[in-house]
Structure formats: C-alpha cells, structure tokens
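Here's the letter readout for the chains.
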Amino acid sequence: MALDMKIGLDAKKLMRDLSALSEKEIPKAAANALNRLATGARLQIQDRMREVFDNPTPFTLNGFFTRPARSNNLEAWVATRDYAPKGTPAIRYLGPEIRGGQRDMKKFEKALRAVSGGQYIVPGKDAPLDQYGNLSRGLMTQILSRLNLMADPTSNMSAAVVGRLAKRGRNARGQRSEYFIARERGNGRPIGIYKLLAPGKVGEIIRFVPRPPTYKAVLPVEDIVNQTIARRQDRIVQEEIIKAFRRRGLQ
C-alpha cells in the first residue's frame, strides 16, 4: 500500500511570522551582532596591548570602550576614552604607540616645567617604581609638594654633599626637603631631580631629557578592528539570525 504524506505550511501564519521577524527581530539581531563584533575587537586590542607592552596598567587596558548599537541605530563603535578625571587620558600617551612618532608632554611634566626648563622626564636609575614599572602617583605628588616649598637652594644639604655633587659635574639647586634639582656645571641646565637618601648619599629619581621620547607604532588599532570584524562577522551575524528565528519558534 502506497503511503502518501502531505506536507504543507500555513502560508498566512508564516508570512505573519516573517513580517514580524523583519520588522522587529532582524534589527535587534543586527544590533546584537554589531555589539558582539565591537566587543570582540576591543578585547583583541587589549590582547595586543598585553603582547607589546610590559605589564600594562588596568587604566591603559581600559583606554578603549564600545558604544553599543541599537535596533534603531545600527552602528557600534570602538572608541577611545578622551577624558580622565584624574590624570592623562590613555589616548594621549597611546597615540604614538598607535601611529608612531613623538608623544605629548604629560601632566606631571607640565607641572615640572618651572624647574625642568620645559624638558621631558624618564625615571632615574634610583627611582622607586610601581608594579607596572612607572613612577607612582604618590611619588609624583610628593615631589610636586616638596618642589612647591622651594626656599634656600641648599638649605637641607651639608656643604660636603653640595661639594660632592659639584665634583661630579652637577650643581645642587633644591628646596627645604630631601628632593633637589641637579644641574650641569657651567651652564646650569637642570638635568634631573635627586633625593638625599642618607647623609652623604644621593639618588637619581627623575632624569630630564630635552627631546620628547619617540615611539614605533606597535598598536595598529584600525587594522586590529578591521581584521577582527572581517574574520568573525559572517559567523556572528548568522548566529544572531538563527537566534531570532528560534525565538519566533521557527527552525
């Protein structure tokens, strides 16, 4: 006996489901896909930072954020944080790492211009560094506080210490504290901030450099974002469309 199996669809119900899907779920699915792609690109940027930077700070790693898409605005963004309530926005010092070239002067460097002659800074050989290899905020605050108390240039140093510095080609210029400005002998150019560590012993905490540090581009953000999207977009869009169909009870 022949077996005939009739397979049919409720055309009207199917059209209603597809219409609802196109009007509501499809834009939502597209927004979800865009947001997944943007988040994935941001995480790829963070991964690259961990590869090219030596122990980057959480502040640096969070220098980028995602601005999400919505059903009525199908655009997602990977953007830089351009504002930092306490300190320098990450994009200001990441710019040379992204594009290459010289970096801008940091806030702390600007605060030191009166004593550095407008020079840039690098940690001195005796500088205490934080876990990320940077001068800590507490140390910078302490230095600024001491430098604001400038009085007699050699008031807190013995003649022996001043003489020892002079023999090394430096003239002491400082303040009534353990920190003082070291200068080149003869022309008086400030060369750094030193600290009296013990009687007769000084340490180089900050070294002044006349030219801004120059960087090679190691964080090509635009390439990272574009490559991440190109590699993942087909799969992620397909996954979100399938989710939308399943929410409507369609397979």
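Everything below is about the structure printed above this text.
*Asks:* Sorry, what's going on with the overall build of the chain here?
*Replies:* Regarding its fold elements, the chain presents 8 helices and 9 strands. The long-range fraction of contacts in the chain, counting pairs at least 24 apart against all pairs at least 6 apart in sequence, stands at 56%. Of the roughly 15600 Å² that the chain leaves accessible, carbon and sulfur atoms contribute 52%.

*Asks:* Can you walk me through helix α8 (residues 221-247) in this structure?
*Replies:* Given 3.6 residues to a turn, an α-helix orients residues that are three or four positions apart in the same direction. Of all the bends in α8, the greatest measures close to 50° and is centred on Arg 232. The complete set of buried residues in α8 reads Val 221, Ile 224, Val 225, Thr 228, Ile 236, Glu 240 and Ala 244.

*Asks:* Sorry if this is basic, but what is going on with helix α3 (residues 90-99) here?
*Replies:* With 7 of 10 residues buried, α3 is to be regarded as a mostly interior element. Among the residues of α3, Ala 90, Ile 91, Leu 94, Gly 95, Pro 96, Glu 97 and Ile 98 are the ones counted as buried. One or two steps after α3, the chain reaches Gly 100, where phi turns positive at roughly 85°.

*Asks:* I tried to follow the pattern of salt bridges on my own but got confused; where do I start?
*Replies:* Proximity of charged atoms lets side chains of opposite charge pair with each other. One pass over the structure, following the stated rule, counts 10 salt bridges. Across the salt bridge formed by Arg 36 and Glu 240, the nearest N and O atoms sit 2.9 Å from each other. With Arg 36 in helix α1 (residues 11-52) and Glu 240 in helix α8, this residue pair connects regions lying 204 residues apart in the sequence. Residue classification places Arg 36 among the partly exposed residues on the basis of a relative accessible area of 30%. Glu 240 sits in the buried class, given a relative accessible area of 3%. Notably, a salt bridge pairs Asp 126 with Lys 125, separated by 3.1 Å at the nearest N-O pair.

*Asks:* Before we go on, may I ask you to explain unusual backbone geometry in this structure?
*Replies:* Glycine aside, residues mostly have negative phi angles, and peptide bonds mostly take the trans form. Of note, the phi angle at Asn 55 is positive, near 55°, even though the residue is not glycine. Relative to the elements of secondary structure, Asn 55 occurs in the loop between α1 and α2 (58-61).

*Asks:* Would you mind showing me how to read the nonpolar core here?
*Replies:* If you look at soluble globular proteins, the nonpolar side chains tend to sit buried side by side. One finds Leu 112, Ile 121, Ile 143, Leu 147, Ile 193, Ile 205 and Ile 206 to be the most contacted residues of the largest nonpolar core, which totals 15 residues. Within the residue set of this core, elements represented by two or more residues are α6 (137-147), β6 (179-184) and β8 (201-209). Beyond its immediate sequence surroundings of up to four residues, Leu 112 is in contact with Ile 121, Leu 144, Leu 147 and Ile 193. Listed in part, the 14 residues of the second largest apolar core include Phe 53, Ile 91, Leu 219 and Val 221.

*Asks:* Where do I start with the pairing of β6 in this structure?
*Replies:* Regular strands show a simple pattern: their side chains alternate between the two faces of the sheet. Pairing between β6 and strand β7 (residues 190-198): 5 bridges, direction antiparallel. Counterpart to Arg 183 in the pairing with β7 is Pro 190. Counted between consecutive antiparallel strands, the loop separating β6 from β7 contains 5 residues, among which Gly 186 sits at a positive phi close to 100°.

Reading the values: the criteria
Residues numbered from 1 in each chain as written. Predicted model: local features only at pLDDT ≥ 70, side-chain atom pairs only at ≥ 80, totals over all residues. Heavy atoms only, no water. Helix = DSSP H or I, 4+ residues; strand = E, 2+ residues; numbered from the N terminus. Contact = heavy atoms within 4.5 Å. Areas by Shrake-Rupley, 256 points an atom, 1.4 Å probe, with all protein chains shown as cover. Bend = angle between axes of the 7 residues up to and from the residue. Buried < 20%, exposed > 50% of the residue type's maximum accessible area, 1.4 Å probe, protein only. Salt bridge = Lys/Arg side-chain N within 4 Å of Asp/Glu carboxyl O. Core = buried A, V, L, I, M, F, W, Y, C linked by side-chain atoms within 4.5 Å. Pairing = 2+ DSSP bridges.

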